[in-house]
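Residues per chain are reported as follows:
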Amino acid sequence: MATTAQLFEEPFDADEYIERLAWRTPGGGSKGGAEAFDPKRLLEEFENHIEELKQLDEKIQRKVEKLEHQCHREAKEFAHKVQDLQRSNQVAFQHFQELDEHISYVATKVCHLGDQLEGVNTPRQRAVEAQRLMTYFNEFLDGDLRSDVFNNPDKIKEAADIIQKLHLIAQELPFDRFADVKAKIASKYHDLERQLIQEFTAAQRRGEIGRMREVAAVLLHFKGYAHCVDVYIKQCQEGAYIRNDVFEDTAALCQRVNKQVGEVFSSPETVMAKLIQNIFENKLQAHVREKLDETRHSDVEQYLKNLYDLYTRTTALATKLTEFNLGSDKHTFLSKLIKSIFSSYLESYIDMEREYLRTRGAMILQRYYDSKNHQKRPIGTGSIQELKERIRQRTNLPLGPMIDTHGETFLSPELVVNLLQETRHAFERCHRLSDPSDLPKNAFSIFLLLVDHLCVEHIDYALEIGLSAIPSSDAKNANLYFLDVVQQANSIFHLFDKQFNDQLMPLISSSPKLAECLHKKKEVIEQMEVKLDTGIDRTLNCMVGQMKHILATEQKKTDFRPEDENNVMIQYTTVRNERPQQPLPELICKMEQMTCFLCFPLRISVCQACSKVCAYVSRQVEHVRKSMDGKNVDTVLTELGVRFHRLIHEHLQQYSYSSMGGMLAICDVAEYRRCAKDFRVPLVLQLFDTLHALCNLLVVAPDNLKQVCSGEQLTNLDRNLLHAFVQLRVDYRSARLGRHFS
């Protein structure tokens, strides 16, 4: 059985168990060994082992049954014990309830007895206290203070308690009979009060917080308690302001005193509030008055800066002080203190601000014009000026004498930055110093001053001068500076608009003044746009006039009807890409056979008039791009391109063309079209493409004329326009070309 038990080692595996059993049996091994395999012996061993296992199982089963029986018996015994304990617990709980009721009854009796004893003892104590006070009162009545309590300095606390009660009693006595004793008690009262305050002061100087707390508790019932607080506040400030920054010193002082006040006084919030009130009404108010009164009438700019700085630092200090316990409504308390200091200055603030901005703006403007040695011209107002403005808008005529500005735009970025800087500071001061109800109105008044100085007195004046400086459309070699005025005015107005959005809008966004500001801004923009549009229109007229002058002086009547076409060919023909020049008869033959010369193989150089016009136009296009931004570039270039096209179209209709002259005209128009590409405007390029196609009618063979007129670019044009171009040919009558349009 011991061997069998060894075979049941954990973990149990049945196969492993059989293998181990067979291995232990002599002759039972399957892999050979000392003895040969003996199946009978192995079978016998298995049968014997099975019998052993059966016996082992029976033995274990009996042991299990025994343990189960024992467990059931012990469970019953435990259940009986639990029931006995529950019954005992119930009995104990009943006893506890009875005891609790008995204790409650006894406690009630004791409380009742205590109340009875207190009812008896309280009158007795009062009587004893009254007798004691009468004894002390008799000493005052006799005039001889014999009690040790009045003569021993160490008992000043007891003496203070007695004298305070006697003082209250003395106030109820009739004056005629007890005048003398009342005076003695009052004298002693004030004497003790003075001694206590002196003791408190000495303890404060020594830094004895405990003694200060004791004396303050005694003085709490005296009339001189407020004086004790005043002395404490005064001593706290001694040596506190050693730096030049009164605001930092105040914050440090309050931070230091706040903890001490809580340890000394029974109502620290009242003492702390009184300390801060004392600082504001004395130290800060004197500092503010000193800083502001010395510059109020002598230097307004410095006065406004000081006022803004002092008010800002005072409000910042008040924000720090809200960390302390100052009572239930500390924000209102601090606001009243600030108002008491600055009210007289804030009432007149906006008037001084406006007057300063008005004077400062005028000075900045005048200083600029003086630096330019320019005497500012008065801009007319009223009905006459309005009439001139209407006439100028409708007729585009210059009214009044032309001014030569020598290229000066009379617009200064430095001046604009100075004005905007001053206004920005004004908006910041207005935001800080204005009452919330007056803030939108005050900000609007500052905005009006900015409009007057920047938009009217500077930009509008520069536009007026620029308009007056624009020459007439028939002027020769005119210098056009108005586009420079447009460029600078546009840049300046972007800065103005940025300040409007960044500085002004937050101040008026939620008030009715917002609509007024937007209306005023729109009105200013519209007025400037009218003058800008007028100036640009007149400038474009001058550009067209200059082109017309170049064409009139450089283009000859015979340019397109040369007498010796061979000589013309030699003078005007160049070859692209080193192509060989063709003889004239062969060239003319090719021209007559072709229906379109958009891609003619030979390149004839343009005439001098065309070359100068294209160079001039290219310079002006570049000038426009530098002067405009956004969609304005395309708008102005479109208008210039349309006028440029109209001028060339009308110019070409003034001449008659031979075959060679028509080819020269095509080359000129091709150059104009190349110049038109610089505009980067599809409409302008389309117009010159059409004009180039119209010029094909000047050289195409008569038999191909109808086919050319039906081409893609000419089919939608008016027949009269096509006929007008065909009439420019020198062979119009001889070749009877009019029949194609009948």
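Residues numbered from 1 in each chain as written. Predicted model: local features only at pLDDT ≥ 70, side-chain atom pairs only at ≥ 80, totals over all residues. Heavy atoms only, no water.

Is there a simple way to explain the overall build of the protein in this structure?
When helices and strands are counted, the protein shows 26 helices and two strands. Per-residue burial over the protein gives 40% buried out of 742 residues. Counting contacts in the protein only where the partners sit at least 6 residues apart, residues at least 24 apart contribute 74% of the total. Surface exposure of the protein reaches about 43100 Å², of which carbon and sulfur atoms provide 51%. (Helix = DSSP H or I, 4+ residues; strand = E, 2+ residues; numbered from the N terminus. Buried < 20%, exposed > 50% of the residue type's maximum accessible area, 1.4 Å probe, protein only. Contact = heavy atoms within 4.5 Å. Areas by Shrake-Rupley, 256 points an atom, 1.4 Å probe, with all protein chains shown as cover.)

Is there a simple way to think about the nonpolar core in this case?
A general feature of soluble globular proteins is that nonpolar side chains tend to end up buried together. By size, the foremost hydrophobic cluster in this structure holds 167 residues, and its most contacted members are Phe265 and Leu697. For this core, the leading source of residues is helix H16 (residues 439-469), giving 16 residues. Ignoring any residue separated from it by four or fewer positions in sequence, one finds Phe265 in contact with Phe200, Ala216, Tyr225, Val229, Tyr232 and Val271. (Core = buried A, V, L, I, M, F, W, Y, C linked by side-chain atoms within 4.5 Å.)

Sorry if this is basic, but what is going on with the packing of helix H17 (residues 482-508) against helix H18 (residues 513-554) here?
How two helices pack is summed up by the angle between their axes together with the distance between the axes. Between H17 and H18, the shortest axis-to-axis distance is 11 Å and the interhelical angle comes to 170°. Relative to H18, the element H17 lies roughly antiparallel. (Axes fitted to C-alpha atoms, helices over the stretch in contact; angles between N-to-C directions. Parallel < 35°, antiparallel > 145°, perpendicular 65-115°, else oblique.)

How should the pattern of salt bridges be read in this particular structure?
Pairs can form between side chains of opposite charge once their charged atoms are near each other. Under the criterion given, the structure shown has 28 salt bridges. The residue Glu428 makes a salt bridge to Arg424 at a minimum N-O spacing of 2.8 Å. Of this pair, Glu428 and Arg424 are both found in helix H15 (residues 413-433), four residues apart, which corresponds to roughly one turn of the helix. Close ionic contact of Lys531 with Asp460 constitutes a salt bridge, the shortest N to O distance being 2.7 Å. One end of the pair, Lys531, is in helix H18; the other, Asp460, is in helix H16, with 71 residues separating them in the sequence. Each member of the pair, Lys531 as well as Asp460, is classed as buried. (Salt bridge = Lys/Arg side-chain N within 4 Å of Asp/Glu carboxyl O.)

Can you walk me through a positive patch on the surface in this structure?
Together, Lys59, Arg62, Lys63 and Lys66 make up a positively charged patch on the protein surface. Within the fold, Arg62 resides in helix H3 (residues 39-142). (Patch = residues over 30% accessible without salt bridge, like charges linked within 9 Å, V, L, I, M, F, W, Y side chains within 5 Å. Lys, Arg positive; Asp, Glu negative; His and termini not counted. Charge placed at Lys NZ, Arg CZ, Asp CG, Glu CD.)

Could you clarify how one ought to interpret empty space enclosed by the protein in this entry?
In this approach the atoms are scanned with a rolling probe the size of a water molecule, which exposes any empty space left behind. Counting across every chain of the model gives four cavities of 30 Å³ or more. The space that makes up the largest cavity amounts to roughly 90 Å³. In this structure, the largest cavity is lined by Leu357, Arg360, Gly361, Ile364, Leu419, Glu422, Thr423, Ile446, Leu449, Leu450 and His453. Going through the elements one at a time, helix H13 (349-371), H15 and H16 are the ones with two or more residues in the lining of the largest cavity. Classifying every residue of the lining of the largest cavity gives six nonpolar, three polar and two charged. (1 Å grid on protein atoms, 1.4 Å probe; cavity = no way out; pocket = protein on both sides within 12 Å on 5 of 7 lines; lining within 4 Å. Points joined across faces, edges and corners; volume = space filled by probe spheres on them. Nonpolar A, V, L, I, M, F, W, Y, C, P; charged D, E, K, R; others polar.)

I keep staring at a nonpolar patch on the surface and nothing clicks. Help me out?
Together, Tyr105, Val106 and Val110 make up an exposed nonpolar region whose accessible area comes to about 290 Å². The topology assignment puts Val110 in helix H3.

Explain the side chain of Thr409 here, please?
Structurally, Thr409 is set in the loop between helix H14 (383-395) and H15. At 3.2 Å, the side chain of Thr409 and the side chain of Gln488 are in polar contact. (Polar contact = N/O pair within 3.5 Å; in protein donor to acceptor, adjacent residues only side chain to side chain.)

Help me out: how do you make sense of the environment of Ile233 in this one?
Structurally, the position occupied by Ile233 is in helix H8 (residues 225-237). With 45 residues separating them along the chain, Ile233 and Asn278 place their C-alpha atoms 8.1 Å apart. Beyond its immediate chain neighbours, meaning those up to four positions away, Ile233 contacts Val271, Lys274, Leu275 and Asn278.

What should I look at first to understand the packing of aromatic side chains in this one?
Aromatic ring pairs: the centre-centre distance and the angle between the two ring planes describe each pair. By the definition in use, this model includes 14 aromatic pairs. Geometrically, the ring pair formed by Phe200 and Phe265 is tilted, given 5.9 Å between the ring centres and 50° between the ring planes. With a gap of 65 residues between them, Phe200 in helix H6 (residues 175-206) and Phe265 in the loop between helix H9 (246-264) and helix H10 (268-293) connect regions that are remote in the sequence. For the pair Phe493 and Phe496, a centre-to-centre distance of 5.2 Å together with 40° between the ring planes defines the contact as tilted. Here the residue Phe493 and the residue Phe496 both occupy positions in helix H17, the gap between them amounting to three residues, near one helical turn. By relative accessible area, which is 1% here, Phe496 ends up buried. Grouping aromatic residues by their ring pairs yields a cluster made of Phe447, Phe493, Phe496 and Phe500. Between Lys283 and the ring centre of Tyr241, over which it is positioned, the NZ or CZ distance is 4.9 Å. Over the face of the ring belonging to Tyr461 we find Lys376, whose NZ or CZ atom lies 5.0 Å from the ring centre. (Phe/Tyr/Trp six-rings, centres within 6.5 Å; stacked < 30°, edge-to-face > 60°. Lys NZ or Arg CZ within 6 Å of the ring centre and 35° of its normal.)

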